[in-house]
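# Remarks on the overall topology
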Amino acid sequence: MDLLAVRTFVAVADAGQFQSAAAALAVTQQAVSKRVAALEKDLGVRLFTRTARGARLTVDGQAFLPHARDLLRAEERAAASVRPGRRALRVDVIGRRLAPAGLLSGFRRAHPGTELDVVTLFDADAALSAVRAGTIDASFRALTLPARQLPDGVEAARVYDEPVQLLTGPGHAFAAARAITPAQLAGHTIWMPGLVAGTEWAAYYEALAAAFGLTVEATGPEFGTEPLLDTIADSPALSTFVGEQTRLNWPADDDLRRIAVRGPTPVYPHSLIWRRDNPHPALAALRDHLAAARSAQSGGETWTPAWAW
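Residues numbered from 1 in each chain as written. Predicted model: local features only at pLDDT ≥ 70, side-chain atom pairs only at ≥ 80, totals over all residues. Heavy atoms only, no water.

### With respect to the environment of Ala 133
To keep things clear, this is the line we draw: Think of it this way: any DSSP run of H or I at least four residues long counts as a helix, any run of E at least two long counts as a strand, and we number them from the N terminus.
One can find Ala 133 in helix H6 (residues 124–133). Residues Ala 133 and Arg 275, 142 residues apart in the sequence, show an inter-C-alpha distance of 8.9 Å.

This is the structure:
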């Protein structure tokens, strides 16, 4: 449907005259008449009846008018979603069940008038490219490269250290433990089939395994979260790592256990990256919100890879 013709129809309906609508649209009255005629032909109905006083909506015109207004509002929302300076703040969170999504939810609660578009990009390289190009405003990532290697104009700040937990089934040796140390995990298989070589999360768990002599097994089919949880629930030997804020749901009879890891606590280092010259007004508010939340994080003995910053 021609939205220009729809806009013209609404202008005539509001003005009540073709001539007044033409003046409001800065076109000729002939152009208005042609657009309305084309729309009527497209719809197969008459929208106006001409009278001595101007143009009066037909019954079909009255029925179509609220939908025409909806179409124009939808057009404006669509344009605003990609228009610099007017669109929603667009942020990459890696996954919608992971901690960054929770951080964004907290920001939204603190700033209810802020519009957000949440996207999920696969890896840090894609996120850095999108930030640099301006197609996203910010991204939550664990940055494995030094600050001096960030692209020109791109900045980053560590915003959240997320404790890593062990997830086991009821038959696992640590199922009854309230907390364990990383050293106690040596000799036990940590199954993480979702690790993808070259990603920042794979680099994190590789460093964690090397630091504490752990066996992190990434082989095997990766069918998603639910099959992984089912396997862990039924196994006395396999466990997996999850972030403390990762949202997981499983059947009650799986009886899975989240177990704290302490002494030290491995934490996943979430950073926010953004472009220095990004003018979006909500970006500064997001950064301030995350900085305040980070300052409120409790201390304690933690571990992160040497590359974390």
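After that view, the rundown keeps rolling.
### Remarks on the packing of helix H1 (residues 3–15) against helix H3 (residues 29–43)
Put simply, the test is: Lines fitted to the C-alpha atoms define the axes, with helices restricted to the stretch that makes contact. Angles between their N-to-C directions range from 0 to 180 degrees. Oblique is the label for any angle not under 35 degrees, not over 145, and not in the 65 to 115 range, which are roughly parallel, roughly antiparallel and roughly perpendicular in turn. Crossing chirality is assigned from the near helix's rotation relative to the far helix, an anticlockwise turn below a right angle marking it left-handed and a clockwise turn marking it right-handed. Contacts are residue-level and defined by heavy atoms, with any inter-residue pair within 4.5 Å sufficient. Residue type decides the class: Asp, Glu, Lys and Arg count as charged, Ala, Val, Leu, Ile, Met, Phe, Trp, Tyr, Cys and Pro as nonpolar, and the leftover types, Gly among them, as polar.
Axis separation between H1 and H3 bottoms out at 9 Å; the angle between their running directions is 110°. Taken together, the axis directions place H1 and H3 in an arrangement best described as roughly perpendicular. Seen along the crossing, H1 lies across H3 with a hand that is left-handed. Contact residues: Leu 4, Ala 5, Val 6, Thr 8, Phe 9 and Val 12 in H1; Val 32, Arg 35, Val 36 and Leu 39 in H3. Split by residue class, the contact of H1 with H3 holds eight nonpolar, one polar and one charged.

### Considerations on the packing of aromatic side chains
Filter applied, for reference: Centres within 6.5 Å make a pair out of two Phe, Tyr or Trp rings, where for Trp the six-membered ring is used; the pair is then stacked when the planes are under 30 degrees apart, edge-to-face when over 60, and tilted otherwise. Any Lys NZ or Arg CZ found within 6 Å of a ring centre and within 35 degrees of that ring's normal is scored as a charge over the ring.
One pass over the full model with this rule turns up nine aromatic pairs. With centroids separated by 5.2 Å and ring planes inclined at 50°, the aromatic side chains of Phe 9 and Phe 64 adopt a geometry described as tilted. Taken together, the positions of Phe 9 in helix H1 and Phe 64 in helix H4 (residues 59–80) put the pair 55 residues apart, joining distant regions of the chain. Look at Phe 212 and Trp 303: their rings are 5.8 Å apart centre to centre, the planes differ by 70°, and that puts the pair in the edge-to-face class. Placement of the pair is Phe 212 in helix H7 (residues 200–212) and Trp 303 in strand E13 (residues 302–303), with a sequence separation of 91 residues. By way of ring pairs, the aromatic residues Tyr 204, Tyr 205, Phe 212, Phe 241, Tyr 268 and Trp 303 are connected into one cluster. If you follow Arg 50 out to its NZ or CZ, it ends over the ring of Phe 18, 4.0 Å from the centre.

### Regarding the environment of Ser 105
Of note, Ser 105 is situated in helix H5 (residues 99–110). In this structure the C-alpha to C-alpha distance between Ser 105 and Ala 237, which are 132 residues apart in sequence, comes to 36 Å.

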